[in-house]
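Single-letter residue listing:
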Amino acid sequence: MSNLLSVRKLGPKKWVLASHPLYRDDYLIISWLQFLPVGVGTKHQREYLRKSARQFFSQWVSYMEGGRKRISPSTVRIMFTRLKTFTLWMISQKVWRFSSLSQSNLNEFLLSRNSTIHHDNDAKQSVSKSVTKSYITMLSLMWSFRGNYDSPIRFDASRSIEFDDIMLSARPRQRWMPIEISTAVSLLRTACGRMDNRLSLEETALKLWHGSRGLVGKTSWQRRASIEVLVKDAELEYAGASDVTYGTYTERGVPMDISDVFKEFVGVCLIVILFFSGMRISEALSLRSDCLVQRLHSNGKRFWYLRGIAAKKGGVERLWVVPGVVVEFVQLLEKIFRNIRELYKVDHLFLARIWRTSQITGKLKPRPLGTGSAAYLLKQTIHRIYTADPNLSKQFHPHRARKTFAKFVVLRDKSSLESIAHHYGHIYAATLDSQYVGNDFNLEELIHEEDAVELRRGLLELLSSDNLGGKAGERLADLRNDQASEIFKGKISLESLVDRMIKGGVILAPCDWGFCVYARDLSLCGGNQSGPDLVQRAPTICASCSNFAVTDRHIPWWERRVSDAEDFLQHKSISAQTRRLVEDQMQKSRLILTRLIRRGGDTNGG
């Protein structure tokens, strides 16, 4: 048994992570046997380093959990990959123990990660600043946990790393951008056109299935020969019945066969779902064969939803509203491969390599499609069906589909979307209805959609709060007190003041710990003209920022932050630098609590 919330079973050879509805069972396995390459160093060196790394990793996971929360399997696997990458670099430098590391080793490792990597003649960029920071955090924790693993590092990495030089060599974080409207419209129009072949595709799949059922009792050679004839006949019949002309050659330069046709259709299904629902790729792959549900809205209209697993919030079930074209593709995908699912009792909508004839005929048991394979399938499909821009497939990432969805669904003028405009109009109509249940639209473009409503609500909360804290809160309290005799006699007058602030261009960004009454020239998080930097924004930075305001509603959050810091400082093994950092954060949190200003100028000592 494991004392870690995120790990169900600990062992010297493998760890089994806590189950999560979004991930397959094989994804939950961390293999320590594959942590180091075989044949490098002595057996003793490998076993000792593996044991030491395993002990440190256990402490690291426990630290991330904080004693209270379970972290997702994807986070644990990313941490594992970070540690594995570092140890592989160590042994490439003939360093087999953490205690043998020198201060220059750490700087050399970080700089090596930031140098440009070339692979298969395609230049890969250096790692981002955020990834570099994660490595620095890991190396710093090695010193903090030095008493809990064998042969620990002998110095405080946070004091030894040449931070400025290393961060300068790392590339800035790059956000995935939406696809250009004209390009995306052309791609989706082509993808939706594949539905014209639905009958011939379904008939071909059924013919392959039923034809392979009559081969029971024959030898393997006879079955193989019969299936070859069956596949050839199916290809000829499909070619004669198809209305849409598919590419003659695959991306490998060989003629397409019926397996490539089914493969392309699965890829097109993924494209349609991602671009018309805004789902993450992992959420789309969580869909089951009965994922379509229908809901009656308050306006009397029925809307279709996809039922899947949310990537956030611990893997809870969530619904995404979709237009009719998605419903058609999902229903056809269910029909084509229904016999295989029933035979092997698997219910995932997307199955790995299901397009192969060995799978279509039921010879091999299929398994769920993974995110890496799905991303590669999307690139292949886009390369095949969209020839106007060859670079699109190379530069495509599933998150770009999500960004494009967010951009399209909030467009006021959807004329540029041409034939697919009604699909996004359908989604927008559903989201405006009070009965909508798919509230997954947390992208920046969709945040702007409700910005006006949230801005008014937040300003009303701030200006009507009995207590205000933070530097911006003090300024708002002064504004409120200066005009209290006239403005704050009623709700209408209060709203009048809010209207004037909105017309003046005030930007308000709420978060769990307070509000940012944003002014770019006062910002400590390095925001832009639109608002604060959502990546750099953090409680410690906000607490010192002139844009920060806090109300009564946020007091419990800051009290918990102080309590957590006090509990953390009870640990004797933390370094002096870490202790000073946490003490500084705790002091700022206490200052927020003690400087809450009551209406009328009184100070709340709580």
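Residues numbered from 1 in each chain as written. Predicted model: local features only at pLDDT ≥ 70, side-chain atom pairs only at ≥ 80, totals over all residues. Heavy atoms only, no water.

### Things to note about the overall build of the protein
Piece 1. From N to C terminus, the protein includes 25 helices and 13 strands.
Piece 2. Evaluated residue by residue, the protein yields a buried proportion of 47% over its 606 residues.
Piece 3. Looking at the protein alone, contacts between residues at least 24 apart form 63% of all its contacts between residues at least 6 apart.
Piece 4. Accessible surface computed for the protein: about 30,600 Å², of which carbon and sulfur atoms make up 50%. (Helix = DSSP H or I, 4+ residues; strand = E, 2+ residues; numbered from the N terminus. Buried < 20%, exposed > 50% of the residue type's maximum accessible area, 1.4 Å probe, protein only. Contact = heavy atoms within 4.5 Å. Areas by Shrake-Rupley, 256 points an atom, 1.4 Å probe, with all protein chains shown as cover.)

### A short note on the pattern of salt bridges
Piece 1. In the structure shown here, the tally under the stated rule is 10 salt bridges.
Piece 2. Residue Asp-156 pairs with Arg-159 through a salt bridge whose shortest N-O separation is 3.8 Å.
Piece 3. Owing to a relative accessible area of 54%, Arg-159 belongs among the exposed residues under this scheme.
Piece 4. The closest approach of N and O atoms between Arg-590 and Glu-566, which form a salt bridge, is 2.6 Å. Here Arg-590 is found in helix H25 (residues 576-594), whereas its partner Glu-566 is found in helix H24 (residues 555-568), with 24 residues between them in sequence.
Piece 5. Residue classification places Arg-590 among the partly exposed residues on the basis of a relative accessible area of 34%.
Piece 6. Judged by its relative accessible area of 32%, Glu-566 is partly exposed. (Salt bridge = Lys/Arg side-chain N within 4 Å of Asp/Glu carboxyl O.)

### Comments concerning the packing of helix H2 (residues 73-92) against helix H4 (residues 129-144)
Piece 1. Taken N-terminus to C-terminus, the directions of H2 and H4 make an angle of 75 degrees; their axes are 11 Å apart at the nearest point. Between H2 and H4, the angle falls in the class roughly perpendicular. Of the residues in H4, those in contact with Arg-82, Leu-83, Thr-85 and Phe-86 of H2 are Val-131, Ser-134, Tyr-135, Met-138, Leu-139 and Met-142. (Axes fitted to C-alpha atoms, helices over the stretch in contact; angles between N-to-C directions. Parallel < 35°, antiparallel > 145°, perpendicular 65-115°, else oblique.)

### Things to note about H2
Piece 1. Between its first and last C-alpha atoms H2 spans 28 Å; for 20 residues at 1.5 Å apiece the expected length is 28 Å, and the two agree.
Piece 2. Buried residues along H2 sit against strand E2 (14-17), strand E3 (29-31), helix H1 (43-65), helix H3 (103-114) and H4.
Piece 3. The positive-phi residue at the C-terminal boundary of H2 is Lys-94, with phi of around 65 degrees. (Expected span 1.5 Å × (residues − 1).)

### Observations concerning the nonpolar core
Piece 1. In terms of nonpolar packing, the biggest core is built from 64 residues, with Leu-270, Ile-273, Leu-306, Val-326 and Phe-350 touching the most fellow members.
Piece 2. Elements that contribute at least two residues to this core include exactly helix H7 (181-193), helix H8 (198-213), helix H10 (258-277), helix H11 (281-285), strand E8 (317-322), helix H12 (324-336), helix H15 (371-385) and helix H17 (398-409).
Piece 3. In terms of residue count, H10 provides more of this core than any other element does, 14 residues in total.
Piece 4. Other than its neighbours up to four places away in sequence, Leu-270 contacts Ile-281, Ala-284, Leu-285, Phe-350, Leu-369, Ala-374, Leu-377 and Leu-378.
Piece 5. Counting residues in hydrophobic clusters, the runner-up holds 51 residues, among them Leu-17, Ile-30, Leu-49 and Tyr-149. (Core = buried A, V, L, I, M, F, W, Y, C linked by side-chain atoms within 4.5 Å.)

### Quick look at the pairing of strand E11 (residues 514-518)
Piece 1. Burial within E11 is extensive, with 5 of its 5 residues counted as buried.
Piece 2. Bridging between strand E10 (residues 507-511) and E11 involves 5 bridges; their strand directions are antiparallel. Bridged to Leu-508 within E11 is Val-517.
Piece 3. Pairing of E11 with strand E12 (residues 548-551) involves 2 bridges; the strand directions are antiparallel. Within E12, the residue paired with Cys-516 across the bridge is Phe-548. (Pairing = 2+ DSSP bridges.)

### Describing unusual backbone geometry
Piece 1. Residue Lys-94 is not a glycine yet carries a positive backbone phi of 65 degrees.
Piece 2. In this structure, Lys-94 sits in the loop between H2 and H3.
Piece 3. Owing to a relative accessible area of 69%, Lys-94 belongs among the exposed residues under this scheme.
Piece 4. Backbone geometry at Ser-151 places phi at a positive 50 degrees, although glycine is not the residue there.
Piece 5. By the secondary structure assignment, Ser-151 is in the loop between H4 and helix H5 (157-160).

### Regarding the sheet that holds strand E7 (residues 302-309)
Piece 1. Spatial strand order, E6-E7-E8: 3 strands in an open sheet with antiparallel pairing. Strand pairing shows two members of the sheet lacking a second neighbour, strand E6 (292-296) and E8, which therefore form its edges. Across the sheet, the mean angle from the axis of one strand to that of its neighbour is 40 degrees, orientation sign disregarded.
Piece 2. The sheet contact formed by E7 and E8 spans 6 bridges and is antiparallel. Residue pairing in the sheet places Tyr-305 in a bridge with Val-321 of E8.
Piece 3. Packing against the sheet, H10 makes contact with E7 and E8, and its axis sits at approximately 90 degrees to E8.

Note that all results are geometric; they support no functional claim without further evidence.
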